[in-house]
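Residue-level structural notes
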Protein chains: 2
Amino acid sequence: MHRFYQPDIASTLSLGDEESQHCVRVLRLSAGDTIEVVDGCGTLHTCRITLAHSKHCQVEIVDSQSLPRPWQGTITLAVAPTKNLDRIEWLAEKCTEMGIDRIVPLLCGNSERKVLKTERLRKILVAAMKQSLKATLPQLDELTPIAAFLSQAPAGQRFIAYCDPALPREQRRSLAQLYEPGTDVTILIGPEGDFTPAEVDAALAAGFVPVTLGESRLRTETAAVAAVAAFHAITSRG
Amino acid sequence: MHRFYQPDIASTLSLGDEESQHCVRVLRLSAGDTIEVVDGCGTLHTCRITLAHSKHCQVEIVDSQSLPRPWQGTITLAVAPTKNLDRIEWLAEKCTEMGIDRIVPLLCGNSERKVLKTERLRKILVAAMKQSLKATLPQLDELTPIAAFLSQAPAGQRFIAYCDPALPREQRRSLAQLYEPGTDVTILIGPEGDFTPAEVDAALAAGFVPVTLGESRLRTETAAVAAVAAFHAITSRG
């Protein structure tokens, strides 16, 4: 069944402009057809089209179902966006598919990207939510200076993907050693030019614990996806 | 220092056409400059340019260093390539960055992609190997019918990312529950249209154990990357 996204579907009983167009113009659905509409807050509505209007398609709700997030504890990723937009976009898509609660684009001293339009990213999150059969849309913050984020970082476990080069390899700790499955967790991933020493110090002072994501040098977006995959893999230990 | 790839560098003492061009034309390096050359088999050579020729740049070897793979046990990913080439390409890039030994593109009954040119993929593997500071190039097979692969699958643990829909959720097993860190491991990831029932039966008969990669419906390329990330995360448990 085709799935659409409309945050206020339960009160408006109407799809927005783009979703209406997709539903009526592209998919050629018509009155009487049944569709699924998620509200991005965890509810999946089964709806019947009552008016197949290409700008504000109207529906009635046949059934509503709560789809809880299939993982425990919230996962927050705070990551400096890459210079190349494609790389942030796939990071956002992949993390949403695997499951994430909040993405905070960070502005760091060494960030090559100082401006980020979140509108396009938000569309990617919506598409990935629908594609992976979820009903909850991750929260996407605007570009946030790292100091501002550190001053109000979420509660729970806090990690920073960073290795002090002076630390002997055997003293480096991995997510699998430190992450307690099911707890709220936040991980910081730095820009292509890495965190500045002052940023690392500020993160440590804010209770962020350094972790290694393995022995390979990973690109920013690969590190982000690997960390989110690791949270899910470790949690599924059962 | 700039890093190049030349499989037979130790015997030829010369870079190939493309790498020579990049070295001499693009980077404008000249005789006397020092570069790094990996052979794709685990050795990193420090070299000095003796003749900065833009088609066959010649070098002398100053130092050779063995760079062992930083993970234990071999990781083989057998995956049906996606219709969209971009998606296979990033799968190959990300798996190489995180660390993988062999990628086998599978031809399945429901494959939307029946032909795969591996030349472009091989270039991506080379770039990702260099970028992530490795000296070992993953083996990339030609497109292989799944039956042929099953008949000579590698030894070690064998998994298939597949869930019998009839199996209750609590009986589904995850990689974290089944994978023994450091053993040789192979995982099969199906095409966008999933494995056929006959393919699943053949894989089970060949000793592949069904695993779930979590509760989310993942695209083919996301499942592949999540599985490889999971192997590394679980192994790094220490």
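Described in the following lines is the structure provided in the data block. Every value quoted in this text rests on a predicted model; they were computed, and no experiment measured them.

On to the relation of the copies chain B and chain A, then. Once turned by 180° and shifted 0.0 Å along the axis, chain B lies on chain A with an RMSD of 0.0 Å. Put plainly, the chains are arranged around a two-fold axis. Here 100% of the contact residues of chain B are again contact residues in chain A; the copies associate through an equivalent surface.

For the rest of this paragraph, the subject is the nonpolar core. Ranked by internal contacts, the top residues of the largest apolar core, which has 91 residues, are L77, L175 and I187 of chain A together with L77, F159, L175 and I187 of chain B. If near-sequence neighbours (up to four positions away) are discounted, L77 of chain B is found in contact with L91, C95, I100, R102, I103, V104, I187, I189 and A224 of chain B. Counting 16 residues, the second-largest nonpolar core is a separate cluster that includes C108, A153, I160 and L188 of chain B.

Moving on to the pattern of salt bridges. Within the structure shown, the criterion is met by 32 salt bridges over all chains. For E19 of chain A, the salt bridge is made with K130 of chain A, and the minimal N-O distance between the two is 2.9 Å. Within this pair, whereas E19 of chain A is found in helix α2 (residues 17-26), its partner K130 of chain A is found in helix α4 (residues 118-131), the two being separated by 111 residues in sequence. Residue R102 of chain A is joined to D141 of chain A by a salt bridge in which the shortest nitrogen-to-oxygen separation is 2.7 Å. Separated by 39 residues along the polypeptide, R102 of chain A in strand β6 (residues 102-107) and D141 of chain A in the loop between β7 (139-140) and β8 (144-145) bring together distant segments of the chain. The two residues R102 of chain A and D141 of chain A agree in class, both being buried. One network of salt bridges, with partners in common, ties together R87, R219 and E221 of chain A together with E93, K94 and E97 of chain B.

All names here are of chain B. All told, the structure shown has three aromatic pairs over all chains when counted by the stated rule. On the numbers, 4.8 Å between centres and 65° between planes, the contact of Y179 with F231 is edge-to-face. Of this pair, Y179 sits in the loop between α6 (175-178) and β10 (185-189) while F231 sits in helix α8 (residues 220-235), placing them 52 residues apart in sequence. For the pair shown, Y179 and F231 are each scored as buried.

Below, the discussion takes up the interface of chain B and chain A. With 29 residues of chain B in contact, the opposing surface of chain A contributes 29 residues. Both faces considered, chain B and chain A share a buried interface measuring about 2,600 Å² in area, 57% of it formed by carbon and sulfur atoms. With a shortest N-O distance of 2.9 Å, E221 of chain A and K94 of chain B are connected by a salt bridge. Taken together, the connections running from chain B to chain A amount to 17 residue pairs in polar contact (both at pLDDT 80 or more). Looking at the side of chain B that touches chain A, the elements that each hand over two or more residues are α3 (85-98), α6 and α8 of chain B. Broken down by element, the side of chain B that touches chain A gets its largest block of residues, seven residues, from α8 of chain B.

So, how was this worked out
- Residues numbered from 1 in each chain as written.
- Chains lettered and ligands numbered in written order.
- Predicted model: local features only at pLDDT ≥ 70, side-chain atom pairs only at ≥ 80, totals over all residues.
- Heavy atoms only, no water.
- Least-squares fit on C-alpha atoms with pLDDT ≥ 70 in both.
- Contact = heavy atoms within 4.5 Å.
- Core = buried A, V, L, I, M, F, W, Y, C linked by side-chain atoms within 4.5 Å.
- Buried < 20%, exposed > 50% of the residue type's maximum accessible area, 1.4 Å probe, protein only.
- Salt bridge = Lys/Arg side-chain N within 4 Å of Asp/Glu carboxyl O.
- Helix = DSSP H or I, 4+ residues; strand = E, 2+ residues; numbered from the N terminus.
- Phe/Tyr/Trp six-rings, centres within 6.5 Å; stacked < 30°, edge-to-face > 60°.
- Buried area = accessible area lost by both parts, 1.4 Å probe.
- Polar contact = N/O pair within 3.5 Å; in protein donor to acceptor, adjacent residues only side chain to side chain.

The values reported here are purely geometric and, on their own, carry no functional implication.
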